[in-house]
There are 2 protein chains.
Amino acid sequence: MTEELPVRGRRTTLADVAARAGVSVPLVSIVMRDAPGASAATRERVRKAAEELGYRPDSRARMLRRSRTRLIGVVFGVQHPFHGDLVSGLYTAADAADYELALSAVTPGRDERRAVASLLQDRCEALILLGPALPTSELADLAARMPVIVVARPVRNRAVDVVRTDDAAGLHLAVDHLVDLGHTRIAHVDGGRAPGAAERRRGYREALDHHGLADQALIVPGGLTEDDGAAAARELIAARPTAVTVFNDRCATGVLDVLRREGVAVPGDMSVVGFDDSSLARLSHVALTTVAQDAGRITALAVARAVARLDGDAAADEREQVIPPHLVVRSTTAAPRADLAAAPARRVRTSSA
Amino acid sequence: MTEELPVRGRRTTLADVAARAGVSVPLVSIVMRDAPGASAATRERVRKAAEELGYRPDSRARMLRRSRTRLIGVVFGVQHPFHGDLVSGLYTAADAADYELALSAVTPGRDERRAVASLLQDRCEALILLGPALPTSELADLAARMPVIVVARPVRNRAVDVVRTDDAAGLHLAVDHLVDLGHTRIAHVDGGRAPGAAERRRGYREALDHHGLADQALIVPGGLTEDDGAAAARELIAARPTAVTVFNDRCATGVLDVLRREGVAVPGDMSVVGFDDSSLARLSHVALTTVAQDAGRITALAVARAVARLDGDAAADEREQVIPPHLVVRSTTAAPRADLAAAPARRVRTSSA
DNA sequence: ATGAAAGCGCTAACAT
DNA sequence: ATGTTAGCGCTTTCAT
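Residue positions are counted from 1 within each chain, in the order its sequence is given. Labels are handed out in written order, letters beginning with A for the chains and numbers beginning with 1 for the ligands. Where local features are concerned, this predicted model is filtered to residues with pLDDT of at least 70; where side-chain atom pairs are given and counted, the filter is 80 or more; whole-chain, interface and lining totals use all residues. Derived side-chain values reflect all non-hydrogen atoms in the structure, with water molecules and hydrogen atoms excluded from consideration.

1. With respect to the overall build of chain A
Link 1 in the chain: Check the secondary structure of chain A and you find 14 helices and 12 strands.
Link 2 in the chain: The atom set for the radius of gyration is the C-alpha atoms, and the globule formula is 2.2 Å times the number of residues raised to the power 0.38. Taken against the 2.2 N^0.38 rule, which gives 20 Å for 353 residues, the C-alpha radius of gyration of chain A at 26 Å runs more than 25% over that of a compact globule.
Link 3 in the chain: The principal-axis extent of the C-alpha atoms belonging to chain A is close to 90 × 45 × 35 Å.
Link 4 in the chain: A 1.4 Å probe rolled over the protein chains alone gives each residue an accessible area, and that area as a share of the maximum for its type sets the label: buried under 20%, exposed over 50%, partly exposed in between. Across the 353 residues that make up chain A, the buried fraction comes to 53%. Helix numbers and strand numbers start at the N terminus; a helix is a DSSP run of H or I with at least 4 residues, a strand a run of E with at least 2.

Here you go:
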């Protein structure tokens, strides 16, 4: 029994397997791909030979020969926790659609342009970009070459597909929940120029307006990080609304931390609502009430859209798919204390950072 | 002027560029690779043609033809924040060494075996695994096929290279710092079976022993997450050491949160030291004193080792490179209060969860 | 059911 | 300095 274990050096190829099985190369190819055109006996023999040689198909050669690479490029931010959830979902969806994923990370030393360039060289057939900061014009240029699906950021250009959470609706949910609890003085810590921040700000204003609370609006400058939230918390302590909606969970965590340290009880003195339902929010000692984005649905739709564009079947016409979020109520929201509910919030439209 | 903008459909190839420039295909290849063997005038002409056609080399064809792919596979956990720092560093190091990176993520639905398998099909020449959970035997099998560099986890097998932080030394730093401040009753919240946890536990014991404090040892079961830390904090509140070293920053954050909420002042009543110097620790409102792993150095060494194995030049013989960490002192450590410094810590070797 | 031949896009080896 | 030939590992005709 010749033990030809796979060792460092030349890789085993179809030809090696063919030689060992005593058949032609194309026939081995047929067997390896489970394509029709080989007898059961041959399949058996070829599989055995491949197994013994530790054969692994070369995806590069395969893609080179096929007209299609069945490869979808994904650009993600290595620092952003939510992108982790999205990447997980993308793998699942791509797998089901029989596509491969090529990951390209954006890091402090590697910008989006480089990340995209490397995917182009890998001959991806479509691009899925998670919360890209690239200008719309460049996205449009890319979209002229290949299907481009932008996730979690609105893009006003008919050439690119967009799958995103309905950010405005998310803030409606948050505000409605707080109003239901009896709050009237509800502030918002915003996300500055972050993707989605403008939509959430708008949703907040609309929702307040809808409840006849427009004159109670208080928008405090925030950002994406815990530090931004901590800074915002100081303004909140001065203004003393009874509840606050925060741009995202990270920022909300910063808000929570400072509030509690300064003796403001949550939810006793102030209710707090986040956005994302990240792992942070789920921690039992944080237990943040938050607006959940449906990562599984978003990623499934993103892949489905990429595949639809590639297969060219009935190219869907709405370029933007907006997914409704849902509210996850945990322990940072409650009815306002009776003595706090009445007093009016100090009105500050936008205070300077 | 023929505007042959790159449009969806067939990609432009070397042949297209060659035709437009009126030269042979290999000559274009030479120009695109900046290889010697073309006149300045030709280079000029070819570059112009390539530019006009929006030509991008096909990395798959390139790798297929070259004997070398110059591709290093990286397996990382999409949820682990520290892996983000490592991936960033790997890109930088690979770039400098003129290698490409192929990323393969481990997600809840995609285990390490799958992640590795896809990299093998991509014909990576070496593998860098971040904190892999794979059994040593499988790592050794892999290492028989190609250079394998394991990062951030000790592996007792001469076939694989290891680059990791000196975890035990990290706990020496932490304990020494606390002893210098005057602490004698120092507890440790451990990481269970997480990579590095055993080493850190050992370092903690050694350091206490070194200061003649062995009989004060108190190890509380913890874990990797904030929740684990929160649970451990309750035990700490009962035992009341004046200081605690925690497995990692995430867990330490959980400890901090509960301590503060239960009215235990940090660092007034209890000092806390983390491990990782993750972005969490750096947050101004957390300001955690912590043991910093040198991600830049670790990744540089990991790539350097992979390259050394591949180039076969003077294959370094120590398979394990242990990098000393350093202490970052922030605001969660201080001298113990005079009335607390004297009393002995309750002695619990390992309490049950 | 099986094999022979061709070629995906590129680079290396050899011509000239 | 430039062109010709061959072939990386695979899949796709097209024969048989």
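Resuming the write-up.
2. Details of the packing of helix α2 (residues 25–32) of chain B against helix α3 (residues 40–53) of chain B
Residue and element names in this part refer to chain B.
Link 1 in the chain: All axes here are fitted lines through C-alpha atoms, helices being fitted over the stretch that makes contact, and every angle between N-to-C directions spans 0 to 180 degrees. Viewed as axis vectors pointing N to C, α2 and α3 meet at an angle of 90 degrees, and their least axial separation amounts to 10 Å. Our classification of the angle between α2 and α3 gives roughly perpendicular. Here Leu27, Val28, Ile30, Val31 and Met32 of α2 lie close against α3, whose contacting residues are Thr42, Arg43, Val46, Arg47 and Ala50.
Link 2 in the chain: The classification used treats Ala, Val, Leu, Ile, Met, Phe, Trp, Tyr, Cys and Pro as nonpolar, Asp, Glu, Lys and Arg as charged, and all other residues, Gly among them, as polar. A per-class count over the contact of α2 with α3 returns seven nonpolar, one polar and two charged. An angle below 35 degrees is treated as roughly parallel, one above 145 as roughly antiparallel, one from 65 to 115 as roughly perpendicular, and anything else as oblique. We call two residues in contact when some of their heavy atoms are within 4.5 Å.

3. Things to note about the protein's contact with DNA strand D
Link 1 in the chain: Not every one of the 22 residues close to DNA strand D is listed here, only the nearest: Leu14, Tyr55 and Arg65 of chain A together with Thr42 and Arg65 of chain B.
Link 2 in the chain: In this text, near means that some heavy atom of the residue lies within 4 Å of the molecule or strand in question. Protein-adjacent atoms of DNA strand D, using a 4 Å cutoff, are sugar or phosphate at a proportion of 63%.
Link 3 in the chain: For this analysis, a polar contact is any N or O atom pair within 3.5 Å, provided that within protein one partner can donate a hydrogen and the other can accept it, and provided that sequence-adjacent residues contribute only side-chain to side-chain pairs. Between DNA strand D and Ser29 of chain A there is a distance of 2.7 Å, counted from a phosphate oxygen to a side-chain nitrogen or oxygen.
Link 4 in the chain: One nitrogen or oxygen atom from the side chain of Tyr55 of chain A is found 2.4 Å from a phosphate oxygen belonging to DNA strand D.
Link 5 in the chain: When residues of the surface near DNA strand D are traced back to their parent elements, those giving at least two are α2 (25–32) and α4 (59–65) of chain A together with α2 and α4 (59–65) of chain B.
Link 6 in the chain: Each residue belonging to the surface near DNA strand D can be placed in one class, and the counts come to 11 nonpolar, six polar and five charged.

4. A short note on the protein's contact with DNA strand C
Link 1 in the chain: Taken together, 22 residues are adjacent to DNA strand C, and Arg65 of chain A together with Leu14, Tyr55, Arg62 and Arg65 of chain B come closest.
Link 2 in the chain: If you look at DNA strand C and keep only atoms within 4 Å of the protein, 67% of those are sugar or phosphate atoms.
Link 3 in the chain: Contacts to DNA strand C include Leu14 of chain B, whose backbone N or O atom sits 2.4 Å from a phosphate oxygen.
Link 4 in the chain: Every element with two or more residues in the surface near DNA strand C is listed here: α2 and α4 of chain A together with α2 and α4 of chain B.
Link 5 in the chain: A class-by-class count of the residues in the surface near DNA strand C yields 11 nonpolar, six polar and five charged.

5. Let's talk about the sheet that holds strand β7 (residues 218–220) of chain A
Residue and element names in this part refer to chain A.
Link 1 in the chain: Taken in spatial order, the six strands line up as β7-β6-β8-β9-β10-β12 in an open sheet, and their pairing is mixed. With one partner strand each, in any of the chains shown, β7 and β12 (326–328) form the two edges of the open sheet. Each adjacent strand pair in this sheet contributes to an overall mean axis angle of 25 degrees, direction not counted.
Link 2 in the chain: Across three bridges, strand β10 (residues 289–292) lies against β12 in antiparallel orientation. The residue of β12 that forms the bridge with Ala292 is His326.
Link 3 in the chain: Docked against the sheet, helix α9 (residues 197–210) engages β6 (186–189), β7, β8 (243–246) and β9 (271–276), running at close to 170 degrees with respect to β6.
Link 4 in the chain: Lying over the sheet, helix α10 (residues 226–239) contacts β6, β7 and β8, oriented at roughly 150 degrees with respect to β7. In this description, strands pair whenever DSSP reports at least two bridges between them.

6. Notes on the pairing of strand β11 (residues 320–323) of chain B
All names here are of chain B.
Link 1 in the chain: The side-chain alternation of β11 yields one buried face, formed by Gln321 and Ile323, and one unburied face, formed by Glu320 and Val322.
Link 2 in the chain: Sheet analysis places strand β5 (residues 161–165) next to β11, joined by four bridges and oriented parallel. Residue Thr165 lies in a different strand from β11, and its bridge partner there is Ile323.

7. Here we look at the interface of chain A and chain B
Link 1 in the chain: Opposite the 52 residues of chain A that make contact, chain B presents 52 residues.
Link 2 in the chain: Counted as salt bridges are all cases of a side-chain nitrogen of Lys or Arg within 4 Å of a carboxyl oxygen of Asp or Glu. Our enumeration of links across chain A and chain B arrives at four salt bridges.
Link 3 in the chain: The salt bridge partner of Arg123 of chain A is Asp58 of chain B, with a shortest N-O separation of 3.5 Å.
Link 4 in the chain: For the pair chain A and chain B, the number of links is 22 residue pairs in polar contact (both at pLDDT 80 or more).
Link 5 in the chain: Counting residues per element, the side of chain A that touches chain B draws most heavily on helix α5 (residues 81–96) of chain A, which supplies six residues.
Link 6 in the chain: Split into classes, the residues belonging to the side of chain A that touches chain B amount to 23 nonpolar, 12 polar and 17 charged.

8. Some points on the relation of the copies chain A and chain B
Link 1 in the chain: Rotating chain A by 180 degrees and translating it 0.1 Å along the rotation axis places it on chain B, where the RMSD comes to 0.1 Å. This pairing of chains is accounted for by a two-fold axis.
Link 2 in the chain: Mapped onto chain B, 100% of the interface residues of chain A are again interface residues, and the two copies thus contact each other with one and the same surface. All copies are superposed by least squares; the fitting set is the C-alpha atoms of residues with a pLDDT of at least 70 in both.

9. Remarks on the nonpolar core
Link 1 in the chain: Only buried residues count toward a nonpolar core. Its members are Ala, Val, Leu, Ile, Met, Phe, Trp, Tyr and Cys residues joined through side-chain atoms within 4.5 Å. Counting residues in each nonpolar core, the largest one holds 56 residues, and the members touching the most others are Leu103 and Ile128 of chain A together with Leu103 and Ile128 of chain B.
Link 2 in the chain: Not counting residues within four places of it along the chain, the set of residues in contact with Leu103 of chain A comprises Val74, Phe76, Val87 and Tyr91 of chain A together with Phe76, Tyr91, Leu103 and Ala105 of chain B.

10. Section: the UniProt feature "domain: HTH lacI-type" (unreviewed entry) in chain A
Link 1 in the chain: UniProt positions are given in the numbering used here, feature names are shortened, and annotations may be inferred rather than shown by experiment. According to UniProt, the positions carrying the feature "domain: HTH lacI-type" (unreviewed entry) are residues 12–66 of chain A.
Link 2 in the chain: Annotated as 67% helix and 0% strand, the span residues 12–66 of chain A places its first and last C-alpha atoms 20 Å apart.

11. Remarks on the sheet that holds strand β7 (residues 218–220) of chain B
Adjacent strands of a sheet pair through backbone hydrogen bonds, lying either parallel or antiparallel.
All names here are of chain B.
Link 1 in the chain: The strand order across the open sheet formed by six strands is β7-β6-β8-β9-β10-β12, and the pairing between neighbours is mixed. Strands with a single pairing partner mark the edges of an open sheet, and in this sheet they are β7 and β12 (326–328). Ignoring which end each strand starts from, the neighbouring axes of this sheet average 25 degrees apart.
Link 2 in the chain: Bridge analysis of strand β8 (residues 243–246) against strand β9 (residues 271–276) gives three bridges, and the strand direction is parallel. In the sheet register, Val244 faces β9, and the bridge partner there is Val272.
Link 3 in the chain: Of the strands in this sheet, β6 (186–189), β8, β9, β10 (289–292) and β12 touch helix α8 (residues 167–181), which is tilted by about 160 degrees from β9.
Link 4 in the chain: In the packing of helix α9 (residues 197–210) onto the sheet, contacts are made with β6, β7, β8 and β9, and the angle to β6 comes to roughly 170 degrees.

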